[in-house]
Structures are given as C-alpha cells and as structure tokens.
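Chain residues, written in single-letter form:
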Amino acid sequence: MNAPCESMRKFRDSLRPAKPLVALDVGTKTIGIAISDSTRTVASPLKTLPRKAFTKDVKLLLELFRDRQIGGIVVGLPKNMDGSEGRRCQATRAFARNLCRVTDLPVTYWDERLSTVAAERYLIETGASRRKRARVIDRVAASLILQPALENLAMLNSQP
C-alpha cells in the first residue's frame, strides 16, 4: 500500500516528471482544489468539490487527476496554532491514507495553518462579494497551500 510521504524530499523523489501537482484543502463540507502548471512554478485555484461520501469524492478526484495528468498530491494539514494535531488533522490524515489506497500518485502534507484566513483577506482586498468569497474560498486556500509547497520543492531541487 502506498502511504503519504512525511518529508518533502521523499515526495520530490517520488514525483512524476513534468506533471502538474494538485493541492487539496479537505474540509468537512468541501474540498478546495488548486493545480500547478507543469513546471511546478505557479499554483492556481481550480475548483471546489462539495463533499458527499469518500467513495463519491474520490471518484471525482481520480477523474480530475487523470484528466489533468497530475504528478502528485499535496494535502493541507490543518494543524492547531501551537503546531499540535487535533481531530481535523486526524481526519485529514485518514483521508490522505485512504486516498493512497486508490491511487499510486505520491501524496504529501503541507501545514495549512491560516491558509483560509489568508484566502479570506485576499478575497476581501480584491473586492470579492461575500457570496463570491463563499464560493471560491476553499480553492483559493488550496492555492495558498500549494504555492509554498512548490517553492519548497524548487528550493530542494536547487540544492546539490
């Protein structure tokens, strides 16, 4: 069974070359999805998937991964502000482990503390209405999870 990579170095070494990455912001009601370009430089919000049941959610995710020729998955890990892991973290880890059972794509975690707060602030600054913010916040948060992960991978790639 495939398991999530606990280190970015291991994740990097497992990635399929020249394929975009996705980030998932896994919530109780929705999954925010962001995607990178194939050079893994820029993260962009993609879509928000309403949660139903794991089997239905994963079917849609697997279709997306196939259609977009995804090379790896970054799952936002909702740690507490003090760095500890609560129930949401445990649920997210369980989701990632279950996802690993149905795909051979490498999966890793990225600390997502304050990503939703930053997404909300960004959307307010850009003048998005409350209704639009509610529709897009999860996918924007996913892009704010993916972008620093991409930057970390680029840094790892530049090291000897």
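All of these numbers come straight from a predicted model, not from anything done at the bench.

Engineer: So, the nonpolar core: which residues are in play, and what are the values?
Structural biologist: Side chains that are nonpolar tend, in soluble globular proteins, to be buried together. Formed by 23 residues in total, the largest nonpolar core has its most connected members in Leu24, Ile31, Leu61, Phe65, Ile73 and Val75. At the level of secondary structure, the elements contributing two or more residues to this core comprise β1 (21–26), β2 (30–36), α2 (54–67), β4 (72–77), α3 (87–102) and β5 (107–111). By size, the runner-up hydrophobic cluster in this structure holds 17 residues, among which are Leu15, Ala23, Val74 and Ala142.

Engineer: With reference to specific residues and values, describe the environment of Ile70.
Structural biologist: For Ile70, the location among the structural elements is in the loop between α2 and β4. With a relative accessible area of 3%, Ile70 lands in the buried category. Separated by 35 residues in sequence, Ile70 and Leu105 place their C-alpha atoms 8.0 Å apart. Among all residues touching Ile70, those that are not within four sequence positions of it are Arg16, Lys19, Pro20, Leu21, Val22, Ile35, Leu64, Phe65 and Leu105.

Engineer: Describe in detail the packing of aromatic side chains, supporting the description with residues and values.
Structural biologist: Applying the stated criterion across every chain, the model contains one aromatic pair. Seen in terms of ring centroids, Phe54 and Phe95 are 5.3 Å apart; in terms of plane orientation they differ by 80°. Their pairing is edge-to-face. Placement of the pair is Phe54 in helix α2 and Phe95 in helix α3, with a sequence separation of 41 residues. With relative accessibility at 4%, the residue Phe95 sits in the buried group. Here the basic side chain of Arg93 rests over the ring of Tyr109, its NZ or CZ set 4.6 Å away from the ring centre.

Engineer: I'd like a rundown of the pairing of β1, residues and numbers included.
Structural biologist: Sheet faces and side chains relate simply in a regular strand, where the side chains alternate between the two faces. Taken across its six residues, β1 has six buried, putting it largely inside the fold. Of the two faces of β1, the one carrying Leu21, Ala23 and Asp25 and the one carrying Val22, Leu24 and Val26 are both buried. In terms of strand pairing, β1 meets β4 through four bridges, oriented parallel. Following the sheet pairing, Val22 is matched in β4 by Ile73.

Engineer: So, the pairing of strand β3 (residues 43–50): which residues are in play, and what are the values?
Structural biologist: As paired elements, β2 and β3 share seven bridges and run antiparallel to each other. The residue bridging Ile31 from the neighbouring strand is Leu49, located in β3. Following β2, the chain reverses through six residues before pairing antiparallel with β3; Arg40 in that reversal takes a positive phi of roughly 60°.

Engineer: Please provide a residue-by-residue account of unusual backbone geometry, values included.
Structural biologist: For Ala18, which is not a glycine, the phi torsion comes out positive at approximately 55°. Looking at the secondary structure, you find Ala18 in the loop between α1 (8–14) and β1. With relative accessibility at 61%, the residue Ala18 sits in the exposed group. The phi angle at Gln69 is positive, at roughly 50°, despite the residue not being glycine. Among the secondary structure elements, Gln69 is positioned in the loop between α2 and β4.

Engineer: Before we move on, could you go through the environment of Phe65 and cite the residues and values that matter?
Structural biologist: Here Phe65 shows up in helix α2. For the pair Phe65 and Pro20, spaced 45 residues apart in sequence, the C-alpha to C-alpha distance is 9.6 Å. In this structure Phe65 touches Val22, Leu24, Ile70, Ile73, Leu99 and Leu105, once residues within four positions along its chain are discounted.

Engineer: Could you give an account of the sheet that holds β3, naming the residues involved and the relevant values?
Structural biologist: What holds strands together in a sheet is hydrogen bonding between their backbones, with the strands either parallel or antiparallel. Read from one edge to the other, the open sheet built from five strands follows the order β3-β2-β1-β4-β5, with strand pairing classed as mixed. The sheet is open, and its two edges are formed by β3 and β5, each paired on a single side. Neighbour to neighbour, the strand axes of the sheet diverge by 25° on average, direction disregarded. Each of β1, β2, β3 and β4 touches α2; the most contacted strand, β3, lies at about 150° to it. With respect to the sheet, α3 is in contact with β1, β2, β4 and β5, its orientation differing from that of β4 by roughly 165°.

Basis of the calculations
- Residues numbered from 1 in each chain as written.
- Predicted model: local features only at pLDDT ≥ 70, side-chain atom pairs only at ≥ 80, totals over all residues.
- Heavy atoms only, no water.
- Core = buried A, V, L, I, M, F, W, Y, C linked by side-chain atoms within 4.5 Å.
- Buried < 20%, exposed > 50% of the residue type's maximum accessible area, 1.4 Å probe, protein only.
- Helix = DSSP H or I, 4+ residues; strand = E, 2+ residues; numbered from the N terminus.
- Contact = heavy atoms within 4.5 Å.
- Phe/Tyr/Trp six-rings, centres within 6.5 Å; stacked < 30°, edge-to-face > 60°.
- Lys NZ or Arg CZ within 6 Å of the ring centre and 35° of its normal.
- Pairing = 2+ DSSP bridges.
- Axes fitted to C-alpha atoms, helices over the stretch in contact; angles between N-to-C directions.

Spatial relationships are all this shows, so hold off on functional conclusions.
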